[in-house]
Amino acid sequence: MLPLENDDIRLLVLKDRNAKDYSLIHVSLKTPPLFYALSYAWTDESLYPKSEHDTPQQIQLHGHDTPVGPNLAAALEAWRSNGYSKVPLWVDFLCIDQKNISERNHQVLRMYSIYQKAALVTVWLGPDRHDSHLAFDFMSTFVKQAHNLEWIRRSISEHTFSREWCAIDHLLRRNWWKRVWIIQEMVAANDIVFVCGDKSVQRDVIVHFFESLISTDATYRRLLASEEGIELSGDAITLANTYLRPHAWKTRNLLQTAYATGKSSATDDRDKIYGVLGLAQDATALVGTPDYLLSIEQVYKRFCASFFQQYQSLEFLSLAGQPVFGRTSRIALPTWAPDWHRRTLSSLNSKIRPATPTTASGDMKAQAMFSEDLRTLTALGICVDIVDGLSCPDWVTNGVCKLQQAKSLKLAYNPGLETLEALSRTLIGDSRIMSKSYTGRDTLEVFMRCCRGVVKGEQGNHKSERMRLIFNSWFKHHRDFGIGGKSLHEWLTSVQFESQFPDDIETAEERYIHKLSITHGPNRPLMTTSKGYLGLAVNNCKPGDLVCVIYGCSTPVLLRRMTDHCIFIGEAYLHGIMNGEVLDGLQKG
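Computed from a prediction, not measured in an experiment: that's the story for all the values here.

Moving on, we get to the packing of helix α10 (residues 203-215) against helix α12 (residues 234-243). Interhelical geometry of α10 versus α12 gives an angle of 125° and a closest axis separation of 10 Å. When the interaxial angle is binned, α10 and α12 end up oblique. Crossing angle aside, the handedness with which α10 passes α12 is left-handed. Where α10 abuts α12, its residues F210, E211, L213 and I214 lie against I237, A240 and N241. When its residues are assigned to classes, the contact of α10 with α12 shows five nonpolar, one polar and one charged.

We now examine the nonpolar core. Grouped together as the largest cluster of nonpolar side chains are 138 residues, with contacts concentrated most on W90, W177, F194 and Y243. With eight residues, helix α16 (residues 296-311) is the largest single contributor of residues to this core. What W90 contacts, discounting residues up to four positions off in sequence, is I9, R10, L11, F35, Y36, A37, L38, C95, I96, M111, I114 and Y115. Counting residues in hydrophobic clusters, the runner-up holds 36 residues, among them M467, I483, F497 and A508.

For helix α6 (residues 132-145), which comprises 14 residues, the first-to-last C-alpha distance of 20 Å matches the rise-based estimate of 20 Å (1.5 Å per residue) to within 8%. At F138, α6 shows its maximal kink, close to 25°. All of the buried residues along α6 are S132, L134, A135, F136, F138, M139 and F142. Structurally, α6 contributes buried residues whose contacts are with β7 (120-126), α7 (149-157), α8 (162-172), β8 (192-196), β9 (199-202) and α10.

So, on to unusual backbone geometry. Note on backbone geometry: most residues besides glycine have negative phi, and most peptide bonds are trans. Following Q322, the chain continues into P323 via a peptide bond in cis, with omega recorded as 0°. Relative to the elements of secondary structure, P323 occurs in the loop between α16 and β10 (368-370). Residues other than glycine seldom take positive phi values, yet D131 does so here, at roughly 60°. Positionally, D131 belongs in the loop between β7 and α6. The backbone of Q312 shows a phi angle near 50°, a positive value even though the residue is not glycine. Mapped onto the fold, Q312 is located in the loop between α16 and β10.

On to the sheet that holds strand β15 (residues 526-529), then. Spatial ordering of the open sheet is given by β19-β18-β17-β12-β15-β16-β20, a layout of seven strands whose pairing is antiparallel. Two strands in the sheet have a free side with no partner beyond their single neighbour: β19 (566-571) and β20 (573-574). Sheet analysis places β15 next to strand β16 (residues 534-536), joined by three bridges and oriented antiparallel. The residue bridging M527 from the neighbouring strand is G535, located in β16. Relative to the sheet, helix α17 (residues 417-426) contacts β15, β16 and β20, its axis offset from that of β16 by approximately 5°.

The next thing to look at is the environment of L61. With respect to the helices and strands, the residue L61 is situated in strand β4 (residues 57-61). Taking the relative accessible area as the measure of exposure, L61 reaches 9% and is therefore buried. In this structure, the C-alpha to C-alpha distance between L61 and K20, residues 41 residues apart in sequence, is 8.9 Å. Ignoring anything within four residues of it in the chain, the contact list for L61 reads L12, D21, Y22, S23, L24 and T66.

Under the counting rule described, the total for this entry stands at two cavities of 30 Å³ or more. Here the largest cavity defines a volume of roughly 100 Å³. Lining the largest cavity are Y36, L38, A75, A78, W79, N82, Y84, L89, T122, W124 and V195. When its residues are assigned to classes, the lining of the largest cavity shows nine nonpolar, two polar and no charged. Looking at the second largest cavity, its volume works out to about 50 Å³. Looking at the lining of the second largest cavity residue by residue, the classes come out as three nonpolar, five polar and two charged.

Cut-offs and rules
- Per chain, the residues get numbers from 1 upward, laid out in the order the sequence is written.
- Owing to the predicted nature of the model, reporting of local features is limited to residues with pLDDT of at least 70; listing and counting of side-chain atom pairs is limited to 80 or more, with chain, interface and lining totals taken over all residues.
- As a rule here, side-chain values cover all heavy atoms of the structure and leave hydrogens and water aside.
- Note on method: axes are straight lines fitted to C-alpha atoms, helices fitted across the in-contact stretch only, with angles between N-to-C directions ranging 0 to 180 degrees.
- The numbering of helices and of strands both runs from the N terminus, where a helix is a DSSP run of H or I of at least 4 residues and a strand a run of E of at least 2.
- The cut-offs work like this: below 35 degrees is roughly parallel, past 145 is roughly antiparallel, 65 to 115 is roughly perpendicular, and the gaps in between are oblique.
- Left-handed is the label given to a crossing in which the near helix is rotated counterclockwise from the far helix by less than a right angle, and right-handed is the label when the rotation is clockwise.
- Residue contacts are counted whenever heavy atoms from the two residues lie within 4.5 Å of one another.
- Residue classes follow a fixed rule: Ala, Val, Leu, Ile, Met, Phe, Trp, Tyr, Cys and Pro count as nonpolar, while Asp, Glu, Lys and Arg count as charged, and any other residue, Gly among them, counts as polar.
- Only buried residues count toward a nonpolar core. Its members are Ala, Val, Leu, Ile, Met, Phe, Trp, Tyr and Cys residues joined through side-chain atoms within 4.5 Å.
- Residue exposure (1.4 Å probe, protein chains only): buried if accessible area is under 20% of the type maximum, exposed if over 50%, otherwise partly exposed.
- Expected helix span is given by 1.5 Å per residue-to-residue step, counting one fewer step than there are residues.
- A residue's bend is simply the angle between two axes: one fitted to the seven residues ending at it, one to the seven starting at it.
- For two strands to be treated as a pair, DSSP must find at least two bridges joining them.
- Using only the protein atoms, space was sampled on a 1 Å grid; points where a 1.4 Å probe fits but cannot get out form cavities, open sets with protein on both sides within 12 Å along at least five of seven lines form pockets, and lining residues are those with an atom within 4 Å of a point.
- Grid points are joined across faces, edges and corners, and a volume is the space filled by probe spheres set on the points.

Here it is as structure tokens:
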């Protein structure tokens, strides 16, 4: 393969349509001819058996056999068979010399510009399998009717579109929707066509379909699960709805971008950073030119060190350890560095994602230093408290739970309703559950109404049986959890509380239970501290772990003291110190 010069890129052209013979031409990216770009997934186990992946197919490139994966071979066949083949095509695997690390490093930085300058980006979702032709047609039908919730309920209950929903389910499980690289490909593109088998559809149809799915989630998701046994891929829907909206990426820094794309997948985990460089305005300052000679660990550690040097900030600590980005054993990262492989939960840090404002360290800049090998981070902060009691993290799956009861009888809040309000807000990370003017008292009211059914044996207002079962499971596993020397059940039965909400507030209750299940879910057990605070810990936390505020990080964090250092455990929520109260207390003496 001839080397590239200056601003050149390679484009694939079809020499002989009948012979399937391709060649590569060099053109300047500054003044390119009309060309298209291909967006596809290299592998897809849902479409091709492993035996096909292990046996590459051959295409003719400059008269020589060139091995490609089955999905790329199918994409090229579709391109060759339609009118698109008259226009040169950019394909990453063929147009970048994969054996030339230096060229690969350089071309990665140009990917955004390549897709931006392409006249059309063709998304290849794969061949027609599992009735995928029905999926494209049904998208338009659903968009037209999405405003009519009764139509959605009736059509699902009567199984009018059973095959179509099944086809949508299979289509959204294809690998393309979750690839990290396609995010910047879609954001950069000026015009997009989605192709599946011999069917094609424009971007607007896909965008409006995802918008409709999200706006009607509360209606269709429960019915689909109960009537059709279908649970659509939430990760694919959330990601696609984000990256198909180019304006959403204009102001994010690289940390926010890596978080937002955290549920995507990559064959090479270095691409969880390198694959989103074109989306972040500070990528050049933080990473510069990608270097595939570096290990995954080196890429991740250098990113954190650069972020600190650029911003005097340690906000990335909120994403390290547990529970936001889970740990895997495949790489040996220091505990303070996020493992970007896959995001499992939302962070509580409002500097990273839209959330209830968190300013645990106030406006203090980080004061820290890294060891020369980037294994050790030394940072200044305040040890606020010590973990005392912990609930069981398996309540969501209704597993066997063993409570670790608190030894301290202290309360950081006034007994009675103030303590229950702190609990109600802690369980959902103090997030909002209603769009109206909102207070902590509102959260308490909704929580108490949720509790009414399980404490007094009343049915409550949960229209969704699933939500009722979730809350019942939570209460069963936390009924005896000790708070200030009394069990939760004792707290609930010892207070007088009159609700000021109208009787029909089931929507608020369902939202509360939903937020409880995703915030205080299997990875964030409820905790109490030695000083009597309530909070959310992480599933590998232990009594005796330290709750700290690190300067330059907007959420509290959990540390475990070792002989001569601390191990980073993860971010935490501690009700009453999320907004700089610790620093205010120091200043007041």
